[in-house]
Structure formats: structure tokens, C-alpha cells
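Here is how the chains run, residue by residue.
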Amino acid sequence: MVFGGTSGIGLAAVKRLAALGAEVVAISRDPNKATDLPDGVSTMACDVLDREAMETVLTSCGPIDILVSSATGGSRSIGPFIDMDMDGFQGSFDKLWGYANVVRYGTHHLADDGTIVLVSGSPASRTKAGQTSLGAVGAAVEQMARAVAPEIAPKRLNVVSPGIIDTPINPLEGEARDNAYRSATAGNLIPRAGTADEVAHAIVFAIENEFMTGNVIDVDGGWLLA
Ligand SMILES: NC(=O)c1ccc[n+]([C@@H]2O[C@H](COP(=O)([O-])OP(=O)(O)OC[C@H]3O[C@@H](n4cnc5c(N)ncnc54)[C@H](OP(=O)(O)O)[C@@H]3O)[C@@H](O)[C@H]2O)c1
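I will try to describe carefully the structure that is included in this document.

Analysis parameters
Residues numbered from 1 in each chain as written. Predicted model: local features only at pLDDT ≥ 70, side-chain atom pairs only at ≥ 80, totals over all residues. Heavy atoms only, no water. Phe/Tyr/Trp six-rings, centres within 6.5 Å; stacked < 30°, edge-to-face > 60°. Buried < 20%, exposed > 50% of the residue type's maximum accessible area, 1.4 Å probe, protein only. Near = heavy atom within 4 Å. Polar contact = N/O pair within 3.5 Å; in protein donor to acceptor, adjacent residues only side chain to side chain. Areas by Shrake-Rupley, 256 points an atom, 1.4 Å probe, with all protein chains shown as cover. Helix = DSSP H or I, 4+ residues; strand = E, 2+ residues; numbered from the N terminus. Nonpolar A, V, L, I, M, F, W, Y, C, P; charged D, E, K, R; others polar. Contact = heavy atoms within 4.5 Å. Core = buried A, V, L, I, M, F, W, Y, C linked by side-chain atoms within 4.5 Å. Pairing = 2+ DSSP bridges. Axes fitted to C-alpha atoms, helices over the stretch in contact; angles between N-to-C directions. Salt bridge = Lys/Arg side-chain N within 4 Å of Asp/Glu carboxyl O. Expected span 1.5 Å × (residues − 1).

**Structural notes on the packing of aromatic side chains**
So, point 1. Taken as a whole, this structure holds 2 aromatic pairs when the rule is applied.
So, point 2. Aromatic side chains Phe-89 and Phe-93 sit 5.7 Å apart centroid to centroid with 70° between the ring planes, which places their arrangement in the edge-to-face category.
So, point 3. The class for Phe-89 is buried, based on a relative accessible area of 14%.
So, point 4. Taken together, the ring pairs in this structure connect Phe-81, Phe-89 and Phe-93 into an aromatic cluster.

**Some thoughts on the site of the ligand**
So, point 1. Near the ligand you find 28 residues, and of these Thr-6, Ser-7, Arg-29, Lys-33 and Thr-167 are the closest.
So, point 2. Between an oxygen atom of the ligand and a side-chain N or O atom of Lys-95, the distance comes to 2.8 Å.
So, point 3. One of the side-chain N or O atoms of Thr-167 is found 2.5 Å from an oxygen atom in the ligand.
So, point 4. Coverage of the ligand by the protein amounts to 92% of the 880 Å² it exposes when considered alone.
So, point 5. Secondary-structure elements contributing two or more residues to the shell around the ligand are α1 (8-19) and α4 (94-106).
So, point 6. Tallied by class, the residues present in the shell around the ligand amount to 11 nonpolar, 12 polar and 5 charged.

**Description of the side chain of Ser-77**
So, point 1. By secondary structure assignment, the location of Ser-77 is in the loop between β4 (64-69) and α3 (86-92).
So, point 2. Classification of Ser-77 by relative accessible area gives buried; the value is 14%.
So, point 3. Reaching out from Ser-77, the side chain makes a polar contact with the backbone oxygen of Gly-88 at a distance of 3.5 Å.
So, point 4. Once you skip the residues sitting within four places of it in the chain, Ser-77 turns out to touch Met-84, Asp-85, Gly-88, Phe-89, Ser-92 and Ser-133.

**Focus: the nonpolar core**
So, point 1. Core analysis: the biggest nonpolar cluster contains 60 residues, and Met-1, Phe-3, Leu-67, Leu-118, Leu-157 and Ile-203 have the highest contact counts within it.
So, point 2. For this core, the element with the most residues is helix α7 (residues 196-208), which contributes 8 residues.
So, point 3. Those residues in contact with Ile-203 that sit more than four places away from it in its chain are Ile-9, Ala-13, Val-68, Val-117, Val-119 and Val-160.

**Topic: the environment of Glu-173**
So, point 1. Mapped onto the secondary structure, Glu-173 falls in the loop between β7 (165-166) and α6 (174-185).
So, point 2. Considered as a pair, Glu-173 and Phe-211 are 38 residues apart in the sequence and their alpha carbons are 41 Å apart.

**Looking at the sheet that holds strand β1 (residues 2-3)**
So, point 1. Taken together, the 7 strands give an open sheet; going across it, the order is β3-β2-β1-β4-β5-β6-β9, and neighbouring strands pair in parallel fashion. The sheet is open, and its two edges are formed by β3 (42-45) and β9 (216-219), each paired on a single side.
So, point 2. Both β1 and strand β2 (residues 25-28) contribute to a ladder of 2 bridges, which runs parallel. Residue pairing across strands places Val-2 opposite Ala-26, the latter belonging to β2.
So, point 3. Lying on the sheet, α7 is in contact with β4, β5 (110-119), β6 (156-162) and β9; it crosses β6 at an angle near 160°.

**Here's the deal with the pattern of salt bridges**
So, point 1. Applying the stated rule across the entire model yields 4 salt bridges.
So, point 2. When the shortest N-O distance is used, the salt bridge between Asp-197 and Arg-16 registers 2.9 Å. A residue pair is termed long-range when its members are at least 10 positions apart, and Asp-197 in helix α7 and Arg-16 in helix α1 qualify at 181 residues.
So, point 3. On the accessibility criterion, Arg-16 (26% relative accessible area) is partly exposed.
So, point 4. One salt bridge in this structure joins Arg-192 and Glu-198, with 2.8 Å as the shortest N-O distance.

**Considerations on helix α5 (residues 132-152)**
So, point 1. Its 21 residues give α5 an end-to-end C-alpha distance of 30 Å, which sits within 8% of 30 Å, the value for a rise of 1.5 Å per residue.
So, point 2. Along α5, the residues classified as buried are Ser-133, Gly-135, Val-137, Gly-138, Val-141, Glu-142, Met-144, Ala-145, Val-148, Ala-149 and Ile-152.
So, point 3. Those residues of α5 that are buried are in contact with α3, α4, β5, β6 and β9.

**A closer look at α1**
So, point 1. Over its 12 residues, α1 runs 17 Å from end to end, which matches the ideal 16 Å to within 8%, given 1.5 Å per residue.
So, point 2. Taken residue by residue, α1 has Gly-8, Ile-9, Gly-10, Leu-11, Ala-12, Ala-13, Val-14 and Leu-17 as its buried positions.
So, point 3. Where α1 ends, the next residue or the one after it, Gly-21, has phi of about 100°, a positive value.

Next up, the structure:
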């Protein structure tokens, strides 16, 4: 089950899992807007903030082997903290609350050798100016995973932390989009935006590697060292 599996990183994970032969369910608030899901992938509508709806979705799918969440949860506030719209700052944490619901409720439906992967973000480890909300939320996601992993073992819980990735989360188009990625990644060791598939590759690695739990995989083009 991939929450947020209808766009960007989640959709790329859905595609990789389906190609490996998994029976995949892609979930989001409005899954009908996903146009390029592979054949055989089913969809379900669920808001990760709606615990009742989540229980219904989880129960209907029976024992689950793999749970992924990349659902952003809602809108996020970016910009200087001292001028921050505090409602927006609080809203940025919807990502954490959604992931918390996936882990809290999903673990009960997970097979004994099942595995969960969440998606944080590079600002969790290296927060640049204007990224306080991204850094705080991402760090909370990673610490939640480290805290919960011992409680749910032998079920596994890992996090993938992407740098700047070219996905529909970015509303810009055309030249403005290209310029934004160019300037945001210019100082990175690999000066380009990553692809959703490059992150999905790491998600599948965390799923397949049975010696990993409570770990974070960085996929960031060298953001942390730039
Ligand atoms: N792209 C980047 O540069 C980047 C970098 C670092 C970290 N990340 C993180 O990676 C994750 C995925 O980002 P992305 O770039 O793939 O974003 P995206 O393309 O905008 O996809 C987000 C997905 O989450 C779903 N979603 C959002 N809120 C939801 C909710 N309340 N309930 C259920 N589903 C919900 C969306 O579908 P619906 O709208 O239909 O619900 C969509 O399928 C996010 O957590 C993001 O913070 C992204």
C-alpha cells in the first residue's frame, strides 16, 4: 500500500513495486487524478489525516506486506521563521500526523515480516535559511521512525530522505521551473534536481534489505556535503 502513491515519489515507488510483481494499492485523497498508473495497480481514496477512513482502507486490504507513505498531508509553509504564518507552520506538520497515522494504524495490519518506509527530506539533517518547517517536520519524521522501530520489531520501519526532486509538488512550469531547480541545486555535488524514480529506487532498497530498520537513507545529490 502506497499512501501518496498517485503522484511524484509515491507514484514512482508504485511503478517500481508493480514492476517487481507486487500487488499494489495507490492511495490518496483524489486518486482519480493519477493518469499513468501501471496496469493492475488499484487505487483507493483516503485522507491520511482521517483515522476512521484509514482504518477502513487498511482493514479492507487484509494482511499487508509493504506500507509506504510519501503523502504530503497538506500544504506547507516555507520562508523566514521570524515572519512565518504560524497557521501555515502548524499545517506543515500535517505530513507528520499523516505518517503517524500510517504507522500507528498500519502496523496492526502488517505481516510479521512486513516493512514500512516513510519519506522525510534533506532539510531534516541540513536546514537552509527559510526551511525551518521542512527541517523541523523532517527531523520529527526521522526521530519518530527511530523511536517506533524498536517497538514494532521484527516488523521494520525505515525512512528515505530526498534532496530536491523534480515532482508535481513544485507548481512552477517551463523556464521558471528549470531556473528554480538550477539555482536550488547549483551548490550540490550533483547540480541537478533528482528524479522521483531515483528516490523510489532507495525506497525499494529499504523494503528489500532485511537488515535495515530505524535507518535513514539520503538520496540528495550531495546536499548534505555542499
Ligand atoms: N519533491 C521534493 O523535492 C521533495 C524533497 C524532499 C522531500 N519530499 C517529500 O516527499 C514526499 C512526496 O513528495 P512529492 O514531491 O512526491 O509530492 P507530490 O508529487 O505532490 O505527491 C504528494 C502525494 O501525496 C498525496 N497526498 C497529499 N496529502 C494527502 C493526504 N492528506 N492524504 C492522502 N494523500 C495525500 C497526493 O495526492 P492527493 O492530492 O490526491 O491527496 C499525492 O499523491 C513528501 O512528504 C515531501 O515532503 C519531496
